[in-house]
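As a plain string of letters, each chain reads:
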Amino acid sequence: MTLKIKRIARKRETRICLSGQLRSENVGQVKAEVGHGGPRVALDLGEVDLVDIEGVRFLNACELAGVSILHCSPYIREWMLQERSQPKDHPELG
């Protein structure tokens, strides 16, 4: 399954609804949508059923930049929190 992106523009915010799998190969496309969304953007993850590590890191970066993350499944939210608490350099990978 791929990722479906639907933009809903409202007066006060733009909601970007994602459906499917948020994987590393989709991050650039979602990033572009967020960039075109204006000053108040929300990502709606209500229909996202799978993410990879790059997707989690992207979602964390979005939150740090002020993008709201809506309807995030508990497993994705927990993974985001775990990733935030990890040291930034990973000696086990080197």
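All values reported here derive from a predicted model rather than from experimental measurement.

Reading the values: the criteria
- Residues numbered from 1 in each chain as written.
- Predicted model: local features only at pLDDT ≥ 70, side-chain atom pairs only at ≥ 80, totals over all residues.
- Heavy atoms only, no water.
- Pairing = 2+ DSSP bridges.
- Helix = DSSP H or I, 4+ residues; strand = E, 2+ residues; numbered from the N terminus.
- Axes fitted to C-alpha atoms, helices over the stretch in contact; angles between N-to-C directions.
- Contact = heavy atoms within 4.5 Å.
- Core = buried A, V, L, I, M, F, W, Y, C linked by side-chain atoms within 4.5 Å.
- Buried < 20%, exposed > 50% of the residue type's maximum accessible area, 1.4 Å probe, protein only.
- Right-handed = clockwise from strand over helix to strand, strands pointing away.
- Polar contact = N/O pair within 3.5 Å; in protein donor to acceptor, adjacent residues only side chain to side chain.
- Parallel < 35°, antiparallel > 145°, perpendicular 65-115°, else oblique.
- Left-handed = near helix turned anticlockwise from the far one by under 90°.
- Nonpolar A, V, L, I, M, F, W, Y, C, P; charged D, E, K, R; others polar.

How do you make sense of the sheet that holds strand β4 (residues 68-70) when you look at a structure like this?
As summarised here, the arrangement of the 4 strands in space is β1-β2-β3-β4, forming an open sheet in which the pairing is mixed. Each edge of the sheet is formed by a strand with only one pairing partner; in this case those strands are β1 (3-9) and β4. Each strand of the sheet is rotated relative to its neighbour by a mean of 20°, with strand direction disregarded. With 7 bridges joining them, β1 and strand β2 (residues 14-22) adopt antiparallel strand pairing. Looking across to β2, one finds that I5 is bridged to L18. Strands in contact with helix α2 (residues 53-64) are β2, β3 (41-51) and β4; relative to β3, the strand with the most contacts, it is inclined by about 165°.

So what exactly am I meant to see when it comes to the nonpolar core here?
If you look at soluble globular proteins, the nonpolar side chains tend to sit buried side by side. Core analysis: the largest hydrophobic core is formed by 21 residues, its most contacted members being L18, V30, V34, L43, L45, F58 and L59. Going through the elements one at a time, β2, α1 (24-35), β3, α2 and α3 (74-85) are the ones with two or more residues in this core. With 5 residues, β3 is the single largest residue contributor to this core. Those residues in contact with V30 that lie beyond four places of it in its chain are L3, I5, L18, L22, L43 and F58.

Please clarify how the pairing of β2 should be interpreted in this entry.
Every regular strand shows the same layout, with side chains that alternate between the two sheet faces. Extensive coverage of β2 is indicated by the burial of 9 of its 9 residues. Following β1, the chain reverses through 4 residues before pairing antiparallel with β2. One ladder, built from 8 bridges, connects β2 with β3; its direction is parallel. By the bridge assignment for β3, I16 is matched with L43. Taken together, β2, α1 and β3 constitute a β-α-β crossover, and its handedness is right-handed.

When you look at the side chain of S19 in this model, what are you seeing that I'm missing?
Mapped onto the elements of the fold, S19 is located in strand β2. Only 3.2 Å separates the side chain of S19 from the side chain of E47, close enough to count as a polar contact. Apart from residues no more than four positions distant in its own chain, S19 is found in contact with T2, L3, K4, E47 and V48.

Explanation requested: the packing of α1 against α2 in the structure shown.
Pairs of packed helices are described in terms of their axes, by the angle between the two and the distance that separates them. Between α1 and α2, whose axes approach to 8 Å, the crossing angle comes to 20°. In terms of their interaxial angle, α1 and α2 are classed as roughly parallel. Every pair of crossing elements has a handedness; the one defined by α1 and α2 is right-handed. Packed against α1, whose contacting residues are S24, V27, V30, K31 and V34, the element α2 presents E54, G55 and F58 at the interface. Its residues assigned to classes, the contact of α1 with α2 comprises 4 nonpolar, 2 polar and 2 charged.

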